[in-house]
Structure formats: structure tokens, C-alpha cells
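Inside the fold
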Amino acid sequence: MALSKEDLQAINELMNEQLKPINARLDIIEHKQDRTAKKLEDLRLDVAIAERDIRRDIHELKDQMETVVEVLKMNELIPQ
């Protein structure tokens, strides 16, 4: 018992009609996933910038601490 072309087309239309809500939900999920991926990439960039700034601040503090130690040594406030 083979299905006719009209039968197959009717089944196809019914399936398409039943899949419309699923496709709509899938479109929403894809949009949310794209937005989440963008937020994640922005967060990665923010973390990288923060790490760079922290490294720079630590380097500056180290330089300042070395200067303080040298001044204290020059004033004989700490042993050399």
C-alpha cells in the first residue's frame, strides 16, 4: 500500500504545521544562546583587561616599595 503524492503532501503540511511551535521556540533559544555567547565574550574581555590592570598595578607597587626600602636604608631606619 503506497501513499499517493497527495497523501505525502498532506502529511508534509500536517508535520510542518505541528513543527511551527517547535521551530519558533528553537529560534528563541538560538537567539538567547547568541546573546549569552556575546555576554560571555564580553566577560572574557573584561577579565583580560582587569588582569592586565592588576599586573600593572602590582608592578607599580613593587617599584614603589623598592623605592621606600632604599629611602629607609639611606636614612638608616632599616639595616642594609
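Shown above is the structure to which this text applies.
Attention in this report is confined to the structure presented alongside it. (Residues numbered from 1 in each chain as written. Predicted model: local features only at pLDDT ≥ 70, side-chain atom pairs only at ≥ 80, totals over all residues. Heavy atoms only, no water.)

Some points on the overall build of the chain
When its secondary structure is counted, the chain shows one helix and zero strands. Whereas a compact globule of 80 residues would reach a radius of gyration of roughly 12 Å, the chain reaches 33 Å, over 25% beyond that. When its C-alpha atoms are laid out on the principal axes, the chain stretches across 105 × 20 × 10 Å. Looking at the 80 residues of the chain, the share that counts as buried comes to 0%. Counting every atom, the chain has about 7800 Å² of accessible surface; 60% of that belongs to carbon and sulfur. Charge separation in the chain, taken as the distance between the mean sites of 13 positive and 18 negative side-chain charges, equals 2 Å. (Helix = DSSP H or I, 4+ residues; strand = E, 2+ residues; numbered from the N terminus. Rg over C-alpha atoms; globule rule 2.2 N^0.38 Å. Buried < 20%, exposed > 50% of the residue type's maximum accessible area, 1.4 Å probe, protein only. Areas by Shrake-Rupley, 256 points an atom, 1.4 Å probe, with all protein chains shown as cover. Lys, Arg positive; Asp, Glu negative; His and termini not counted. Charge placed at Lys NZ, Arg CZ, Asp CG, Glu CD.)

Brief notes about unusual backbone geometry
For Glu76, which is not a glycine, the phi torsion comes out positive at approximately 55°. The residue Glu76 is located in the segment after helix H1 (5–74) in this model.

Side note on the pattern of salt bridges
Under the counting rule described, the total for this entry stands at six salt bridges. Its salt-bridge partner being Lys20, residue Glu17 comes within 3.4 Å of it at the nearest N-O pair. Here Glu17 and its partner Lys20 are both found in helix H1, three residues apart, which amounts to about one turn of the helix. For Glu17, a relative accessible area of 49% translates into the label partly exposed. (Salt bridge = Lys/Arg side-chain N within 4 Å of Asp/Glu carboxyl O.)

Concerning the environment of Ile11
One can find Ile11 in helix H1. A relative accessible area of 41% places Ile11 in the partly exposed class. C-alpha of Ile11 to C-alpha of Lys39: the two residues are 28 residues apart in sequence and 41 Å apart in space.

Here we look at H1
Helix length check: H1 (70 residues) gives 99 Å between terminal C-alpha atoms against 104 Å at 1.5 Å per residue, within 8%. In H1, a bend of some 40° at Lys20 exceeds every other bend along the element, and Pro21, a proline, comes one to four places later. Where H1 ends, the next residue or the one after it, Glu76, has phi of about 55°, a positive value. (Expected span 1.5 Å × (residues − 1). Bend = angle between axes of the 7 residues up to and from the residue.)

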